Structures are given as C-alpha cells and as structure tokens.
Amino acid sequence: MEIFRARAPLRISFAGGGTDVNPFASMYGGFVLNATINKYAYTSIALNNSESITVNSYDFDTTTEFCSSTLKTDNVNDCFVKSVYKHLVSKPLGMEVITHNDAPPGSGLGSSSAMMVSIISAFKELENLVMSPYDVARLAHDIERQELQQLGGMQDQYAAAFGGFNFMEFDGDSVLVNRLKMDPWVVRELEYNMILVYTQKSRLSSNIIEDQISNVKAKKTDNIEAMHQIKQHANDMKRLLLKGRTNEFGELLHEAWQQKKRMADSITNEHLDELYEAARNAGAIGGKVSGAGGGGFMMFYCENNRKRQVVESLERMGARVESFKFELDGVESWRNIRKEQLIRERLNVAV
C-alpha cells in the first residue's frame with residue numbers, strides 16, 4: 001500500500017497583513033512581508049479497496065465519510081478534502097485521509113490555508129500532477145475564498161506554497177512573490193532574538209476581517225490610512241532585513257503593530273495589550289500579533305541578552321512561549337511505499 005503525504009509550513013506575518021484582502025488589494029494594491037517557520041500542516045492519503053473517502057481530522061477530532069462514486073456530482077462543498085478531491089482526482093478512489101496541524105485553530109499562523117495547500121499537494125502526489133507553487137497557491141485560494149466563501153486574504157496560501165522569507169505584492173487577484181535572499185547570519189540573528197508566544201486565546205479571524213472589509217468599503221479615512229502605513233512598513237522592513245539591520249527591524253515591528261490596531265477595533269483587546277506592555281517593559285524592542293489579531297500567536301523582537309527576561313515576564317502572565325526556527329522551503333509532498341510492494345516492483349523490473 002502506498003501512502004501519499006505532504007506538509008506545508010505555517011507562517012508569521014511581519015507587516016502588511018490585511019492589505020492582501022479585497023477590496024483594499026483591488027483599490028490600492030497590497031504589500032506583505034512574512035516568513036515560514038518549522039511548524040506544519042500535514043496530510044496523509046492511504047488508498048484502499050472501498051468505495052468511500054474517510055477523512056480523519058486530528059485537529060477537530062472528527063471523522064467524515066463520503067461516497068467516492070457520487071462525489072463528483074455532489075454540489076455541496078463543505079470540507080477541504082472533498083473540494084480538492086473534486087478538482088484533482090480523475091476517477092473514483094477509496095481512501096483514508098488524515099490531516100493534522102502543529103498549531104491550534106485560530107492561531108494566527110495561517111494554519112487553515114497551510115492545511116489547504118498540504119491537502120492539494122498530497123493529492124497532486126497521488127495523481128502525479130505537475131503544479132508550480134503559484135498553481136498550488138492559486139487553487140488553494142480559489143477553493144477557500146470563492147468556493148467555500150471563507151473570508152481572508154491571499155498571503156497565507158502563497159507563504160505555505162513557497163516557504164522562506166517573502167515580500168508579496170497584491171493587485172486585485174494578481175500575486176507576485178519576491179523571495180528574499182538574506183545573509184544566513186541575519187536569519188540566525190532573528191531566531192536568536194525573537195520570541196513566539198501563544199496567548200492561550202484563539203480567535204475567529206473572519207469576524208476581524210469582516211470589520212476590516214467594512215471599514216474599507218465605508219472609506220473610513222483613519223482605517224485606510226493605517227493600511228497604507230503598514231504597506232510602507234512592509235517595504236521598509238524588507239529593506240532592513242536585506243541590509244542586516246535587525247534592531248531597526250524590531251523597532252518597525254512596534255510601529256507596524258501601532259498602525260495595525262487602527263485597522264479595526266477587534267484586532268486587539270485588554271489581554272493582548274497587557275502582554276505587549278509586559279514584554280516591552282521587560283526588554284522587547286517591538287512585536288505584534290501574527291495574523292488578523294484578536295488572539296493566537298504574538299511575536300517579539302528583543303534587545304541583546306534581554307530575551308530571558310521577556311520570556312519570564314510573558315510566562316508569568318500565562319502565555320506559552322514556543323521554540324521555533326525559520327523554514328526556508330515551501331510545501332513538500334512524497335510517497336511511502338511499503339517494503340513488500342517495493343520488493344515486488346523491483347522483481348518485476350528485473351524480469
């Protein structure tokens with residue numbers, strides 16, 4: 001039995017998040033600076049002789065079953081696996097699909113879109129399809145945003161597909177991914193001085209994004225001006241990383257967070273503000289929430305040798321500090337052929 005697997009990295013967003021969401025991206029264009037980390041969304045597909053597709057989601061502790069022979073004519077798109085199957089699988093197949101994630105739902109690390117990218121890549125491996133990172137990301141975006149009508153932007157799918165440090169440009173539905181060629185020591189310096197912390201509070205990003213969309217449609221000057229500011233911050237922070245000016249990068253994280261909070265009232269709350277103030281008082285130069293806001297993960301950049309004090313301060317407040325490294329590769333897929341099958345195949349080749 002062959003098992004087809006894929007993993008897609010999660011991401012942290014430094015600046016520009018929200019400007020990749022329409023209608024802002026269509027009206028003004030967006031910039032986002034992000035990087036992927038060594039936390040992943042995983043998919044495994046094991047074929048069997050049944051006529052059903054069984055989906056086990058470890059994250060939600062659910063099991064769902066579909067009929068493979070009627071799935072192509074089913075008009076209901078109520079889960080990621082079903083939607084991808086209908087796009088990519090050429091004939092009815094019985095299988096078990098297992099999905100799981102290194103981060104909880106509502107983490108702010110782009111886990112939902114990374115899961116979609118992972119599922120697409122596992123089915124791509126199953127069907128021996130040739131798809132570029134742009135192809136995978138575009139399909140993931142179209143399924144999530146158009147077919148399943150899930151609110152959100154475009155950065156998460158492209159981050160998971162490409163991996164590494166990326167400066168992304170958005171113009172309506174058009175996306176250009178610029179890979180940053182950073183000196184290795186800059187990446188190590190960021191890892192040494194940065195803290196990733198789980199606030200122990202998840203959030204529903206669609207509610208926050210809905211507020212942002214409403215503010216843009218209503219042409220609220222303060223909110224739109226804040227989004228233009230974080231676009232500029234994304235561009236400025238990109239230049240600082242390429243030049244290795246990491247402390248100035250940390251300072252701009254602080255400025256980006258001040259502007260992001262102006263985008264919608266639901267982005268921050270009392271708990272997040274208290275965590276942020278405690279980290280700053282302990283020696284963090286700057287930081288922000290990763291993702292839409294409201295909870296999930298926060299990141300901080302610390303002054304030299306102040307990281308321990310910041311960690312202790314945040315842990316006293318009940319936050320959970322997570323170790324991480326940056327992941328420079330994007331989504332990967334592979335197949336695991338069981339030993340007895342491999343022996344049979346080798347024997348057939350020898351004959």
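Because the structure is predicted, anything quoted here is derived from the model rather than measured.

Draft legend 1. Representation of the packing of aromatic side chains within the structure. If you walk through the whole model with that rule in mind, you get 14 aromatic pairs. Both rings, one in F14 and one in F249, keep their centres 5.1 Å apart while their planes meet at 80 degrees; by these two values the pair is edge-to-face. With a gap of 235 residues between them, F14 in strand β1 (residues 2–15) and F249 in helix α9 (residues 246–260) connect regions that are remote in the sequence. For the pair F14 and F249, one class covers both residues: buried. When the ring of W257 is compared with that of Y276, the centres are 6.3 Å apart and the planes differ by 40 degrees; the resulting orientation is tilted. Separated by 19 residues along the polypeptide, W257 in helix α9 and Y276 in helix α10 (residues 270–282) bring together distant segments of the chain. Y276 shares its class with W257; the two are buried. Members of the aromatic cluster, joined through ring pairs, are F14, F165, F249, Y301, F324 and F326. One Lys or Arg, K231, reaches over the ring of F31 and ends 5.0 Å from the middle of that ring. One residue, K238, lies across the ring of F167, its end atom 4.3 Å from the ring centre.

Draft legend 2. Region of interest: the nonpolar core. Judged by nonpolar contacts, the single largest core of 79 residues is most densely connected at F14, F123, F165, M194 and F326. I230, Y276, L314 and A319 belong to the second-largest nonpolar core, a separate cluster that totals 27 residues.

Draft legend 3. Main features of the pattern of salt bridges. For the structure shown, the criterion picks out 13 salt bridges. A salt bridge links E327 to R7, with the shortest nitrogen-to-oxygen separation between them at 3.8 Å. Here R7 lies in strand β1 and E327 lies in the loop between β11 (320–322) and β12 (332–337), a separation of 320 residues in the sequence. For the salt bridge of E312 with R308, the shortest nitrogen-to-oxygen distance reads 3.2 Å. Linking E312 with R308, this pair stays in helix α11 (residues 307–316), spanning four residues, or about one helical turn. By relative accessible area, which is 64% here, R308 ends up exposed. Linked through salt bridges whose partners overlap, the residues forming this network are E2, E125 and R335.

Draft legend 4. A look at α10. Its 13 residues place the ends of α10 18 Å apart at the C-alpha level, agreeing with the 18 Å of an ideal helix rising 1.5 Å per residue. All of the buried residues along α10 are L272, L275, Y276, A278, A279 and A282. In an axial view of α10, the angular spread of the buried residues amounts to 165 degrees, which keeps them on one side of the axis. For α10, the exposed residues set more than 90 degrees away from the buried face come down to E270, E277 and N281. Residues of α10 that are buried sit in contact with α9, β9 (284–289), β10 (297–302) and α11.

Draft legend 5. Up close: the pairing of β10. Counting buried residues along β10, six of its six residues qualify, which places the element largely inside the surrounding structure. The alternating pattern of β10 places F297, M299 and Y301 and M298, F300 and C302 on opposite faces, both of which are buried. Relative to β10, strand β8 (residues 194–198) runs antiparallel, the two sharing five bridges. For M194, the partnering residue across the bridge sits in β10 and is Y301. Alignment of β9 against β10, held across five bridges, turns out to be antiparallel. By the bridge assignment for β10, G287 is matched with F300.

Draft legend 6. Broad picture of the packing of α10 against α11. Relative to each other, α10 and α11 sit at 150 degrees, their axes nearing to 8 Å. The orientation of α10 relative to α11 falls into the category roughly antiparallel. Judged by the sense of rotation from one axis to the other, the crossing of α10 with α11 is right-handed. Packed against α10, whose contacting residues are L275, A278, A279 and A282, the element α11 presents Q309, V310, S313 and L314 at the interface. When its residues are assigned to classes, the contact of α10 with α11 shows six nonpolar, two polar and no charged.

Thresholds applied
Residues numbered from 1 in each chain as written. Predicted model: local features only at pLDDT ≥ 70, side-chain atom pairs only at ≥ 80, totals over all residues. Heavy atoms only, no water. Phe/Tyr/Trp six-rings, centres within 6.5 Å; stacked < 30°, edge-to-face > 60°. Helix = DSSP H or I, 4+ residues; strand = E, 2+ residues; numbered from the N terminus. Buried < 20%, exposed > 50% of the residue type's maximum accessible area, 1.4 Å probe, protein only. Lys NZ or Arg CZ within 6 Å of the ring centre and 35° of its normal. Core = buried A, V, L, I, M, F, W, Y, C linked by side-chain atoms within 4.5 Å. Salt bridge = Lys/Arg side-chain N within 4 Å of Asp/Glu carboxyl O. Expected span 1.5 Å × (residues − 1). Arc of directions from axis to C-beta. Contact = heavy atoms within 4.5 Å. Pairing = 2+ DSSP bridges. Axes fitted to C-alpha atoms, helices over the stretch in contact; angles between N-to-C directions. Parallel < 35°, antiparallel > 145°, perpendicular 65-115°, else oblique. Left-handed = near helix turned anticlockwise from the far one by under 90°. Nonpolar A, V, L, I, M, F, W, Y, C, P; charged D, E, K, R; others polar.

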